[in-house]
Amino acid sequence: MTFKARWRWQILKALFLGVFVASMISGCGGGSDDGGNPPVETPADRRARLGAALQKVLSTSVAEQKWLPGVIAAVDFPAAGLRWSGAAGVSNLQNRQPLTPDFSFRIASVTKTFLSAAIHRQVGQGSLHLQDTLDRLLPENEQALLNRYGYRIDRITVAHLLAHTSGLPDFAETSEYLAAVLADPSRRWTRWEQIEFAVSRFARVGEPGQTFVYADTGYLLLGEILEQRGGLPLAEAYRYGLDFARLGLSSTWLESLEPEPAGAKPRLSQYFGDLDINATDPSFDLYGGGGLVSTAADLNRFIAALFSGQVVNAASLASMTTATVEPRAGRGLIQYRLGATDCWGHEGFWGVLMMHCPTEGVSLSLVLTANAAAAGSTFDQGELAQRLWTALELP
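Per-chain numbering applies: the sequence of each chain, read as written, is numbered from 1 onward. A pLDDT threshold of at least 70 governs which residues receive local features in this predicted model, and a stricter bar of 80 or more applies before side-chain atom pairs are shown or counted, although totals over entire chains, interfaces and linings include all residues. Computation of side-chain values: all heavy atoms of the structure, hydrogens and water removed.

Sorry if this is basic, but what is going on with helix H13 (residues 381–391) here?
Using a 1.4 Å probe on the protein chains alone, a residue whose accessible area is under 20% of its type maximum counts as buried, one over 50% counts as exposed, and one in between counts as partly exposed. Numbered from the N terminus, helices here are DSSP runs of H or I no shorter than four residues, and strands are runs of E no shorter than two. Those residues of H13 lying buried are Gln381, Leu384, Ala385, Leu388, Trp389 and Ala391. Projection of H13 onto a plane perpendicular to its axis shows the buried side chains occupying an angular sector of 155 degrees, all on one side. We call two residues contacting when some pair of their heavy atoms lies within 4.5 Å. At its buried positions, H13 is contacted by helix H2 (43–64), strand E1 (70–77), strand E8 (334–338), strand E9 (341–348), strand E10 (352–357) and strand E11 (362–368). Capping the start of H13, Asp380 holds a side-chain oxygen 3.1 Å from the backbone nitrogen of Gly382, two or three residues further along. One or two residues past the end of H13 sits Glu393, with phi positive at roughly 60 degrees. Throughout, the arc means that of the directions going from the helix axis to the C-beta atoms. Distance and chemistry together define a polar contact, namely a pair of N or O atoms within 3.5 Å, with one atom able to donate a hydrogen and the other to accept it when in protein, and with adjacent residues in sequence counting only for side-chain atoms on both sides.

Printed below as a string of structure tokens:
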């Protein structure tokens, strides 16, 4: 049957059914109290229905993924009046305590968005420029280290570091570094040791501005630059430079470099295989590439505030969402696609994801409490985000 033939048949069938149903209604009398129209869903009913659908996604995901102890998610959907958070599974494999949405966790590379925002605030205040080069910004010992391995620090800019186009190699997700961390989980790493580990063991990956290679190394240098230009240790540069108190980030802090805030939420266990990473010294991912602890609700507050102009000015937000060499990578933000909708945010190694979808005004943050790659699974934070998005019935 051709398209046109099918179309005509559908019209005739609809007309026939319409006449038949109308005759049945007139013959039997009755129907709903409002003359046959279905009940109108109230906003409260819709919120309840969407919340139930979101919770079902979490519960089903944990039931399906036997390797996954638990998940937490938070969704803010202002157009629907929905501010929802939920959890499924357990917070710890030993005590089997039920997981609740208010648990805190290491956010890993999601920290990079906070660092980029703090750098851009310095830019907005005029104390730093995106085109400033490393020979004007780094202490002499770090300049000497980079020069020794052939890096043109007079050509590498702040913008290059933010966009992962500096030519610096990564170290954080290499097998060599992971082996070093696992060999001595209690080791207290320094920023210097990690920079030296990267540039001494791995070759340059391109000329500045020409090649995209995701690299924690550049964000270690940005952490140094923020401290040098802002005059504050990194923890205070985040807390006061971004004004955590004003943003309502009551359960966000830089682990081991500042005291845990009073009233901070309990910590969940995050697993890499059988290893609970809370047993490792946080310094292995602390000085710019990662390091913050937060909650799903705090992450939503931050990303929503960022896109509403409460964290950086419009020019800086435009810079953060400007892709250069890699089409999906901005300066501290990554572009994602949920359904047919473009969103911006960042993911972290420990199953964390924070994002905001400007056209729909939706903020979504989540954590899987075990690393998918270590479990040999393809179900990751991106897949969970897609399922949650479908549950919201958004395009």
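How should the environment of Pro259 be read in this particular structure?
The topology assignment puts Pro259 in the loop between strand E4 (253–254) and strand E5 (271–272). Taking C-alpha positions, Pro259 is 21 Å from Lys112, a pair spaced 147 residues apart along the chain.

So what exactly am I meant to see when it comes to the pairing of E10 here?
Within a regular beta strand, the side chains point alternately toward one face of the sheet and then the other, so they alternate between its two faces. The element E10 is largely enclosed, with a buried count of six among its six residues. Of the two faces of E10, the one holding Val352, Met354 and His356 and the one holding Leu353, Met355 and Cys357 are both buried throughout. With five bridges connecting them, E9 and E10 associate as antiparallel partners. Among the inter-strand pairings, Gly348 is bridged to a residue of E10, identified as Val352. Linking E9 back to E10 in an antiparallel pair, the connection comprises three residues, with Gly351 at a positive phi of about 75 degrees. One requirement defines pairing of two strands: DSSP has to find at least two bridges between them.

For this particular structure, what's the right way to read helix H4 (residues 140–148)?
Counting along an α-helix, one turn takes 3.6 residues, and residues three or four places apart therefore face a common direction. When H4 is considered as a whole, its buried residues turn out to be Glu142, Gln143, Leu145 and Leu146. Buried residues in H4, looked at end-on, bunch into an arc of 160 degrees, giving them a common side. Exposed side of H4, more than 90 degrees from the buried face: Glu140 and Arg148 are the residues found there. Residues of H4 that are buried make contact with helix H7 (191–201) and helix H8 (216–230). Within two residues after H4, Gly150 carries a phi angle of roughly 85 degrees, on the positive side.

What am I meant to see in empty space enclosed by the protein here?
To find the voids left in a structure, one rolls a probe of water-molecule size over its atoms. Note on definitions: the grid is 1 Å and covers protein atoms alone; a cavity is a set of points where a 1.4 Å probe fits but cannot get out; a pocket is an open set with protein on both sides within 12 Å along at least five of seven lines; lining residues have an atom within 4 Å of a point. Grid points are joined across faces, edges and corners, and a volume is the space filled by probe spheres set on the points. Tallying each qualifying case throughout the model produces four cavities of 30 Å³ or more. There is about 60 Å³ of room inside the largest cavity.

What am I meant to see in unusual backbone geometry here?
For residues other than glycine, phi is negative in most cases, and the peptide bonds are mostly trans. Residues other than glycine seldom take positive phi values, yet Arg96 does so here, at roughly 60 degrees. Here Arg96 shows up in the loop between strand E2 (82–89) and strand E3 (105–106). Its identity as a non-glycine residue notwithstanding, Ala108 has a phi of 55 degrees, on the positive side. For Ala108, the position within the fold is in the loop between E3 and helix H3 (111–124).

Help me understand the state of the cysteines, please; the structure alone is not making it clear to me.
When the sulfur atoms of two cysteines share a covalent bond, that bond is a disulfide. Any two cysteine sulfur atoms lying within 2.5 Å of each other are counted as a disulfide. Enumeration according to the criterion identifies one disulfide in this entry. With its sulfur 2.1 Å from that of its partner, Cys343 forms a disulfide with Cys357. Residues Cys343 and Cys357 are joined by a disulfide whose S-S torsion is about 95 degrees; by sign, that bridge is right-handed. Of this pair, Cys343 sits in strand E9 while Cys357 sits in strand E10, and the two are 14 residues apart along the sequence. Residue classification places Cys343 among the buried residues on the basis of a relative accessible area of 0%.

Which parts of the structure should I look at to understand the environment of Arg47?
When you line up the elements, Arg47 lands in helix H2. Relative accessible area serves as the criterion here: at 31%, Arg47 is assigned to the partly exposed category. C-alpha of Arg47 to C-alpha of Asp216: the two residues are 169 residues apart in sequence and 40 Å apart in space. Every residue in contact with Arg47, bar those within four places of it in the chain, is listed here: Ala80, Gly81 and Leu82.

What is the right way to read the side chain of Gln143 from this model?
Here Gln143 shows up in helix H4. With relative accessibility at 17%, the residue Gln143 sits in the buried group. The contact partners of Gln143, leaving out residues within four places of it in the chain, are Leu134, Asp135, Leu138 and Ile153.

Looking at this structure, I do not really get the packing of H4 against H7. What am I missing?
Relative to each other, H4 and H7 sit at 10 degrees, their axes nearing to 10 Å. Compared by their axis directions, H4 and H7 come out roughly parallel. Note on element contacts: H7 touches H4 through Arg191, Trp192, Ile195, Glu196 and Val199, opposite Asn141, Glu142, Leu145 and Leu146. Residues are grouped as follows: nonpolar covers Ala, Val, Leu, Ile, Met, Phe, Trp, Tyr, Cys and Pro; charged covers Asp, Glu, Lys and Arg; every other residue, Gly included, is treated as polar. In terms of residue class, the contact of H4 with H7 is made up of five nonpolar, one polar and three charged. Inter-axis angles, ranging from 0 to 180 degrees, are taken between N-to-C directions of lines fitted to C-alpha atoms, where helices are fitted over the stretch in contact. The scheme is simple: roughly parallel for angles under 35 degrees, roughly antiparallel for over 145, roughly perpendicular for 65 to 115, oblique for anything else.

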